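Chains, contacts and geometry: an overview
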Amino acid sequence: MSSLADFQNEIYLSGLGDALPGFPTDLTKLEALAERRLSAQAFGYVAGSAGSEATARANREAFGRWRIVPRMLRDMAERDLSVEVLGTAMPAPVLLAPIGVQSIFHPEGELAVARAAAATGLTMVLSTAASYSMEDVAEANGDGPRWYQLYWPKDRDLAVSFLERAKAAGYTALVVTLDTFTLAWRPRDLDQAYLPFLRGIGVANYFSDPVFQRAVGGPVTGANRDLALMHWVANFGNPSLTWDDLVFLREHWDGPIALKGIQHPDDARRAVDAGMDGIIVSNHGGRQVDGAVASLDALPGVVEAVGDQATVLFDSGIRTGSDVAKALALGAKAVLVARPYAYGLALGGEAGVRHVLRCLQAELELTLTLSGVTRPAELGPDFVAPAP
């Protein structure tokens, strides 16, 4: 029986012919390499966070406060990491988090990521702020599983159009990001005076949308490009949204809906009361509120509050297979990985992303196997212990 961990054997066997991996297998080393490859603007955009970046640091530090407790003699001959999350079958409890403006990391951007995700069978969550339209990304993704992430615009007709297009293009679940109705104070971007959207990057879903085009007088060309950019500025994010507005989503999306950005148990309860199917515990990788609670610290409280009523997923700070295992042990049904695959994209396009995804899955399977766990459902709080 093949396993995700067989990637390790492929590497060792290739070594017999003096072939080395094209990218590091320690995924924590990708960031430094990507910094040398990318422009200061592009690297600052992906690596940077809000304010002093205390939240991003807290995300990583939170994983260090937990230690895995391996168990022995448990018949580990057969392992299976496959799960079903919000109706989507997955070979492992790992999804590709939505990341915008991916063409600043590699010219093929989301298209390369979509192909890599399909090749590994993992679910890609496409950002509204993509460099390519959701239809083009769906074509690149082929038969791969895909979800759509909505940045809820002020124009309700535009929001409906986004949802209808996503459904028609085969995106099966909706992820609604709640924490980015306005951009945070991000010094790395500010010091470079760099906001890619104002340069026409990351607005493909807007510029290709019929509702958006009608508002700016037709297809976006050189003649109305400035008007289109100003219309984007006027519509991105909606700070007036409340819990009552979730009814609107249910009226226009008939598949599963997950709310991303939840960190407080009471917000999780309100999401369940509003009929939401999933909760993604996330602080946007530290990019929105400086000094916020680490996502991993927030996870157990949300799981305790609604884990028996909704699917709880985790995002923010995942770098390694052991990170994934810890988040699953603390109650997440699956995790979303972000920066590591963005760095893989920067270093090697589709091949770089595939490498990252295969490494992460292999390391996760080996971590669980060597700790006495044959499948994700066996994970629980007794898998980890507080660090001394």
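Residues numbered from 1 in each chain as written. Predicted model: local features only at pLDDT ≥ 70, side-chain atom pairs only at ≥ 80, totals over all residues. Heavy atoms only, no water.

1. Remarks on the UniProt feature "domain: FMN hydroxy acid dehydrogenase" (unreviewed entry) in the chain
According to UniProt, the "domain: FMN hydroxy acid dehydrogenase" (unreviewed entry) feature falls on residues 19–388. Here residues 19–388 is 42% helix and 13% strand, with 41 Å between the C-alpha atoms at its ends. (UniProt positions renumbered as here; feature names shortened; annotations may be inferred. Helix = DSSP H or I, 4+ residues; strand = E, 2+ residues; numbered from the N terminus.)

2. Notes on the pairing of strand β7 (residues 174–177)
Burial along β7 is two-sided: Leu 174 and Val 176 facing one way and Val 175 and Thr 177 facing the other are all buried. Where strand β6 (residues 146–150) lies against β7, three bridges are found, and the strand directions are parallel. Bridging across to β7, Tyr 148 finds its partner in Leu 174. Two elements, β7 and strand β8 (residues 257–262), share four bridges in a ladder whose sense is parallel. (Buried < 20%, exposed > 50% of the residue type's maximum accessible area, 1.4 Å probe, protein only. Pairing = 2+ DSSP bridges.)

3. Description of the nonpolar core
Residues Phe 105, Tyr 171, Leu 174, Tyr 206, Leu 249 and Phe 314 are the most contacted members of the largest nonpolar core, which totals 112 residues. For Phe 314, the contacting residues outside a window of four places in its chain are Phe 63, Ile 280, Val 281, Ser 295, Leu 296, Leu 299, Ala 327, Ala 332, Ala 334, Val 335 and Leu 336. In this structure, Leu 86, Met 90, Ala 97 and Val 175 belong to the second largest nonpolar core, which totals 15 residues. (Core = buried A, V, L, I, M, F, W, Y, C linked by side-chain atoms within 4.5 Å. Contact = heavy atoms within 4.5 Å.)

4. Brief notes about the side chain of Ser 131
Mapped onto the elements of the fold, Ser 131 is located in the loop between β5 (123–127) and α6 (134–141). Overall, the relative accessible area of 16% leaves Ser 131 in the buried class. Side chain to side chain, Ser 131 and Ser 103 meet in a polar contact 2.8 Å long. (Polar contact = N/O pair within 3.5 Å; in protein donor to acceptor, adjacent residues only side chain to side chain.)

5. So, the pattern of salt bridges
Overall, the coordinates contain 14 salt bridges when judged by the stated rule. Residues Asp 266 and Arg 269 are paired through a salt bridge, measuring 2.6 Å at the closest nitrogen-oxygen approach. Here Asp 266 and its partner Arg 269 are both found in helix α13 (residues 265–273), three residues apart, which amounts to about one turn of the helix. Judged by its relative accessible area of 42%, Asp 266 is partly exposed. Measuring nitrogen to oxygen at the nearest pair gives 3.5 Å for the salt bridge that ties Glu 378 to Arg 375. Several salt bridges converge on common partners, so that one network encompasses Glu 108, Arg 115 and Glu 350. (Salt bridge = Lys/Arg side-chain N within 4 Å of Asp/Glu carboxyl O.)

6. What to know about unusual backbone geometry
Positive phi is not limited to glycine here, since Asp 75 has a value of about 55 degrees. Structurally, Asp 75 is set in the loop between β1 (66–68) and β2 (83–85). At Ala 193, a residue that is not glycine, the phi angle is positive and equals roughly 50 degrees. According to the relative accessible area criterion, Ala 193 is exposed, its value standing at 62%.

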